[in-house]
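# Chain and residue survey
One letter stands for each residue in the lines below.
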Amino acid sequence: MIERDIMAKVQARFGAKVLATYEFRGQCAVTVAPADLRAVLCWMRDDAEIATDWLMDVGGVDYLGYPDDDDRGWRYEVVYQLRSASHGHRFRVKAAVGEADPVVPSVWDLWAVANWMEREVWDLFGVRFSGHPNLRRIMCHDQFEGHALRKDYPINKRQKLSIPAENLLCEKVEWA
Amino acid sequence: MSDGTTVRPIPSDLLTLNIGPAHPATHGTLRLQVQLDGETIVNSGCEIGYLHRGFEKQCETVYYQFVIPYAERLNYMGPVHNSNAWCHACEQFLAVEPPPRAQALRVITSEMGRIIDHAVCIGTNLVDLGALTNFWYMYNYREKVYDLYEELCGARMMVNYPRIGGVSLDAPDGWLEKCVKIIDEMQEAVGEVRTLIERNRIFMDRTVGAGVVTRELALSHSITGPVARAAGVAYDVRKAHPYWGYDKYTFEVPTAEGGDTYDRTIVRFHEMYESCKIIKQAIASIPGGPVMVDDHLVALPEKDKVYNTMEGLINHFKLIMHGIQPPRGELYSATEGGNGELGYYIISDGGPKPWRVRIRPPCFANYSVFPKIIQGKMVSDAIAALGSINIIAGELDR
């Protein structure tokens, strides 16, 4: 299936739950509310024609200050890059996340790889994932304040750790 | 035991041990913590981020074309592929197609990058297992590839060779012939080193069954590249979503079934061999013509025009000072890097700087499975498995 057909099929199935659709250079995406995210991803994975059974990537986007963008009703998006192993097509699903309480349901139980990727989105964007077993920072240190990839985090800001460096390795790592 | 009647029990607590972040066997800054019962790993966990440099944030502050040298610091074992892939992503965004000769040069440089990536991976992995000879063989050819890069563009490791819309320089006279000669030698050497270890009893005892990534684990963790192919997942972006004319070349996607350290090593050997085949085909069929697209919105004008015509000077000035400005939009572009699918997800606001660049590094998914595959194994197995998964901290932590 080409991506436009997948988009039409998802729209036909979920109707008004699809908040926005998107097409650029042959690549398509749909945006849904966090509450509908798992239903959409599961349905797409189990549908025989779409069958997007691979989750290639989970990433965040902050649209604070994006030009000419007044009608976007949310600040963040969590982007799921999907791929179908059997059909070889790709598709993108985005969760629209508001500024006030950025929470998205975790999909780590559907795809184990989401565990680390969601931790990265939490670390760098401050979007929480409900139901995640171990939502800790992954790139930045535990003492880091703020979320580095938010648009209002200055790129040249520096932070000092209060733990002496020699004590850092005594901290326990979470078992897998 | 002093009075001969009481026996002090042997302490049975589990021993917690840190491996890394700076340890010779981690080949980078990876931190692994294991809980040992004797020498057996009972629990394990890993912590990443020691090489986090804010790559994605940095990309938002520079023009598209200035990301090229920075992208090479992702997978620094086969650097040129990352910048080739970045340019490919930008070209898809701009709907610009580089000339066929530039595409062939990208294939040649990228495949050389894959060969040296695998060569270093296999070489250092075998050093961890106590076999030094292979390492020297492999590094010898890495040196020769660096010499080829140097002749091509003046730099050896971080070459900054491609440009959005093509490549910066055409191959010098005689370079392609020299390539063929070295690739021929390399193909022979790869075969020789493989015979050193393929049926080697010591090597097989150490690696067969060590660090098994099953097919199920590979699928649920979206593992790509040689690690997935060793587990029987025959996914290769070059075959599944061809780019740069990969569909014109005849090559196999080597796979194995076991998914253990041995299979990963052998799959890498076969991939090096296939890469040699691709390079030779690309050189044999390389078309003539320019190496840069003829589009003044993307390509810098020739120096002759910059110095002698007003239009050329203005064009040069505009591209450097105001940058390449793609339309508003978003795009995900995937290529096959040394360790699997390297994806760039770019969002543009119509300006010269990307609004957001998300990199899908293959190592991130590949490494997330690591703590699971070493449980119940010995520390020495963990070291063998770590080397064969080939974690590059530069792209893992970005």
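Okay, so let's go over this structure.

What counts, and where the lines are drawn
Residues numbered from 1 in each chain as written. Chains lettered and ligands numbered in written order. Predicted model: local features only at pLDDT ≥ 70, side-chain atom pairs only at ≥ 80, totals over all residues. Contact = placed C-beta atoms within 7 Å. Helix = DSSP H or I, 4+ residues; strand = E, 2+ residues; numbered from the N terminus. Nonpolar A, V, L, I, M, F, W, Y, C, P; charged D, E, K, R; others polar. Pairing = 2+ DSSP bridges. Axes fitted to C-alpha atoms, helices over the stretch in contact; angles between N-to-C directions. Core = buried A, V, L, I, M, F, W, Y, C linked by C-beta atoms within 7 Å. Buried ≥ 20, exposed ≤ 12 C-beta atoms within 10 Å, placed from the backbone. Expected span 1.5 Å × (residues − 1).

What follows is about the interface of chain B and chain A. In this complex, chain B contributes 40 residues to the contact, which on the side of chain A involves 32 residues. Here the side of chain B that touches chain A gets five residues from one element, more than from any other, and that element is strand 3 (residues 40-47) of chain B. Here the residues of the side of chain B that touches chain A sort into 13 nonpolar, 16 polar and 11 charged.

Attention now goes to the environment of Ile266(B). Residue and element names in this part refer to chain B. Assignment of secondary structure puts Ile-266 in helix 11 (residues 261-284). Between the alpha carbons of Ile-266 and Leu-129 there is a distance of 15 Å; along the sequence they are 137 residues apart. Here Ile-266 is in contact with Glu-198 and Ala-256, once residues within four sequence places are set aside.

Okay, the sheet that holds strand 6 (residues 329-337) of chain B next. Each strand in a sheet pairs with its neighbour through backbone hydrogen bonds, running either in the same direction (parallel) or in the opposite one (antiparallel). Residue and element names in this part refer to chain B. Spatially, 6-7-8 is the arrangement adopted by the three strands of the open sheet, whose pairing is antiparallel. Strands at the two margins of the open sheet, each flanked by one partner only, are strand 6 and strand 8 (354-360). Looking at each pair of strands side by side, their axes are set apart by 15° on average, direction ignored. Here helix 3 (residues 79-94) sits on the sheet in contact with strand 6 and strand 7 (340-348), set at roughly 145° to strand 6.

The next subject is the nonpolar core. Leu55(A), Val78(A), Val93(A), Trp86(B) and Ile391(B) are the most contacted members of the largest nonpolar core, which totals 160 residues. Considering every element that reaches this core, the biggest residue donor is helix 4 (residues 100-128) of chain B, with 13 residues. Once you skip the residues sitting within four places of it in the chain, Trp86(B) turns out to touch Val67(B), Ile68(B), Ala71(B) and Tyr344(B).

This brings us to the sheet that holds strand 2 (residues 27-32) of chain A. All names here are of chain A. Taken in spatial order, the five strands line up as 1-2-5-4-3 in an open sheet, and their pairing is mixed. Every other strand in the sheet has two partners, leaving strand 1 (18-24) and strand 3 (54-62) as the edge strands with one partner each. Between one strand axis and the next, the sheet turns by 20° as a mean value, whatever way the strands run. Seen against the sheet, helix 2 (residues 34-46) touches strand 2, strand 4 (76-83) and strand 5 (90-97) and runs at an angle of roughly 165° to strand 5. Sheet strands in contact with helix 3 (residues 114-125) are strand 3 and strand 4, and its direction is about 5° off that of strand 3.

This part is about helix 3 of chain B. All names here are of chain B. A rise of 1.5 Å per residue sets the reference length of helix 3, with its 16 residues, at 22 Å; its end C-alpha atoms lie 24 Å apart and thus fit the reference within 8%. For helix 3, the buried fraction is high: 16 of the 16 residues fall into the buried class. Note on helix 3: the residue one or two positions beyond its end, Ala-95, has a positive phi of about 55°.

Among all residues save glycine, negative phi is the norm, and among peptide bonds the norm is trans. All names here are of chain B. Non-glycine residue Ala-95 carries a positive phi angle of around 55°. By the element assignment, Ala-95 lies in the loop between helix 3 and helix 4. On the neighbour-count criterion, Ala-95 (10 C-beta atoms within 10 Å) is exposed. The phi torsion at Asn-390 lies on the positive side, around 60°, for a residue other than glycine. For Asn-390, the location among the structural elements is in the loop between helix 16 (379-389) and helix 17 (393-397). Among the residues examined, Asn-390 registers 28 C-beta atoms within 10 Å and is labelled buried.

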